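# Observations on the three-dimensional arrangement
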Amino acid sequence: MKIIATVSTLLSLVVCLGAAVWYFLGSISYSTYTGVLAVFSVLYFISAIAWRTLAERS
Amino acid sequence: MSRPTLQGTSPRDKGTKDSAFSSIVSRMDQLYEFDREEVKPENLHSGAKFAGVFAGEHVAATEFVIGAFFVLHGVSLGDLLVGLVLGNLLAVLSWTLICAPIATRVRLTLYWYLRRIIGPGLTVVYNIANAAMYCILAGAMISISATALGLGFGVPVPPLDSIYPTSVGWIILAVLIGAGFTTLAILGFERLSKFASVCSPWIFMVFVVGAIAVLPSLGVEKDLSNLYEVATTRIWNGQPSPGQEKFGMWHILFFAWFANLAMHVGLSDMALFRYAKRWTYGLYSAFGMYPGHMLAWICSGIMVAAANREMDPGLMAYQAAGLAGVGAVLLAGWTTANPTLYRAGLALQIVTPNWPRWKITLVAGAVTTILACFPVFFLKLLDYVALYGLILMPIGAVVFAEHWILPKLGIQQYQAEKKGWIFNWNAAAVWVGTLALCYYMPIHLFFRWLPGYFIALIAYVILQRIADRGRGEASA
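Residues numbered from 1 in each chain as written. Chains lettered and ligands numbered in written order. Predicted model: local features only at pLDDT ≥ 70, side-chain atom pairs only at ≥ 80, totals over all residues.

In terms of helices and strands, chain A carries 2 helices and 0 strands. Taken over C-alpha atoms, the radius of gyration comes to 13 Å for chain A, far larger than the 10 Å a tight globule of 58 residues would show. For the C-alpha atoms alone, the extent of chain A along its principal axes is close to 45 × 15 × 10 Å. Looking at chain A as a whole, 31% of its 58 residues are labelled buried. Taking all contacts inside chain A whose residues are at least 6 apart in sequence as the whole, residues at least 24 apart take part in 71%. (Helix = DSSP H or I, 4+ residues; strand = E, 2+ residues; numbered from the N terminus. Rg over C-alpha atoms; globule rule 2.2 N^0.38 Å. Buried ≥ 20, exposed ≤ 12 C-beta atoms within 10 Å, placed from the backbone. Contact = placed C-beta atoms within 7 Å.)

For the rest of this paragraph, the subject is the nonpolar core. In terms of nonpolar packing, the biggest core is built from 187 residues, with Ile203, Ala213, Met303, Ala317, Val329, Val398 and Tyr460 of chain B touching the most fellow members. If sequence neighbours within four positions are ignored, Ile203 of chain B has contacts with Val59, Ala328, Leu331 and Ala332 of chain B. (Core = buried A, V, L, I, M, F, W, Y, C linked by C-beta atoms within 7 Å.)

Attention now goes to the interface of chain B and chain A. Contacts between the two partners involve 17 residues from chain B and, on the opposite side, 19 residues from chain A. Of all the elements in the fold, those that place two or more residues in the side of chain B that touches chain A are helix H8 (189-214) and helix H13 (313-348) of chain B. Per-element tally for the side of chain B that touches chain A: the top contributor is H8 of chain B, with 9 residues. Broken down by class, the residue content of the side of chain B that touches chain A amounts to 13 nonpolar, 2 polar and 2 charged. (Nonpolar A, V, L, I, M, F, W, Y, C, P; charged D, E, K, R; others polar.)

All names here are of chain B. In the contact formed by helix H7 (residues 168-187) and H13, the axes pass within 10 Å of each other and the chain directions differ by 60 degrees. When the interaxial angle is binned, H7 and H13 end up oblique. Every pair of crossing elements has a handedness; the one defined by H7 and H13 is right-handed. Contacts from Phe181, Thr182, Leu184 and Ala185 in H7 reach Trp334, Ala337, Asn338, Leu341 and Tyr342 in H13. For the contact of H7 with H13, the class distribution of residues is 7 nonpolar, 2 polar and no charged. (Axes fitted to C-alpha atoms, helices over the stretch in contact; angles between N-to-C directions. Parallel < 35°, antiparallel > 145°, perpendicular 65-115°, else oblique. Left-handed = near helix turned anticlockwise from the far one by under 90°.)

Positionally, Gly322 of chain B belongs in helix H13. Gly322 of chain B sits in the buried class, given 21 other C-beta atoms within 10 Å. Sequence separation between Gly322 of chain B and Gly210 of chain B is 112 residues; the distance between their C-alpha atoms is 9.0 Å. Not counting residues within four places of it along the chain, the set of residues in contact with Gly322 of chain B comprises Thr34, Leu37 and Ala38 of chain A.

All names here are of chain B. On average, residues of chain B score 88 in pLDDT, and 91% of them reach the 70 mark or higher. Model confidence for chain B, summarised as mean pLDDT per element, is weakest for helix H1 (residues 11-15) at 42 and strongest for helix H10 (residues 249-258) at 98. With a pTM of 0.89, the predicted complex shows an ipTM of 0.96. (pLDDT = per-residue confidence, 0-100.)

Dropping the structure here:
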């Protein structure tokens, strides 16, 4: 579980960064970019809090 | 290492218990009791931990405003980059060569070390001054968050020259956010602090993402071929906005250096570095200065240029990153205001006998919320940051002189502790005198602290020399 949470946390940040680069390159629209950012930001917080909680328990 | 003799056990300390300050001092000691002991070798932290703390702590809501103000003050690209590289380097060196060596030698917080040097009474005054500074800083954080929430309710951000609230809507927003932050701070500081550490990487990511996303609106080509041209003509073009003072390289260099003056030269980060294995751990502050301050300030500069140079952090972040941007401004404000409110409450608790923590946090939150209604604190943030460092700087100079210079000159150290002074009047005179001299210095506010620091050092050494000579003559 801890590995999944860690990977998910890092992946969320990478996807957000990727969305900005794709938007900069004109591959996606502004609404898609901000939508991806919002969704993966929520995912980041869920994963990061889970990762932290699991790390503290172990 | 043995526990230092600063716990009020000297005969003179016992003799002062009847003084007006004795109850305040004892309450203050109780508050800081948890970090009274010197850090033991088995409790020292790794370098990675310091890197993480610095990287996490130096991306705050104020970063949205500071980098943007550099653009509004008409900084050119070259001046910005040279100023940021050198200024942040000087900040790192200040942590490494001034703060960390003292912290790793005495292994105490500034509070307990100050008590030995300036006396418990003056330490109370220092704490209250610090609390006032914290309240203003937290107020600025609330104001910045208000710009984000104001977007949804159509509340305009006050113009750049505003001092007083410009609309009822602004006051309502500031009060609502202040009340929210204060309530959360009362409900649980520690849990929120843990949440803040989760937020930091994400907030940093929003800065970077936002800057990348607004580049097309500034006219940057997909192959970045005209990035330099856009940066020098549309972002850091050397033209200040109307009513803003022109800044050059020295302004940026000094700002980057003194942005955390109270922490490095002012020695507040002794609380952190007392856990360092070696003084060289001060170099880990670079993780806060370069990826943190430098990059975040550059990113917010790009974002404000894309927002037509409007000082509206909420709008700027919304245009750059949508709802995530608004969330970042709110969270950055909250996660920074939360520990600031806590520290202000802790510092104020010494003058509020038997008050529970929630009540003093409520008072600190109320004061902070009232301050947040006045937009001047966030619209003049650069000047406030300069003043914050300047006001606390002389005490840092006093501690530096006491620790390093006095023993080298054969002057007795820790006279306040040894003689049982409640107030080290020499330190008080140096503090007030240095600030008075700085006030009249015919140079820009940003530059005043540096000559002030040397004035404070020299003045304190001379005064302590005189006090020490008096001791010698008396004993002869």
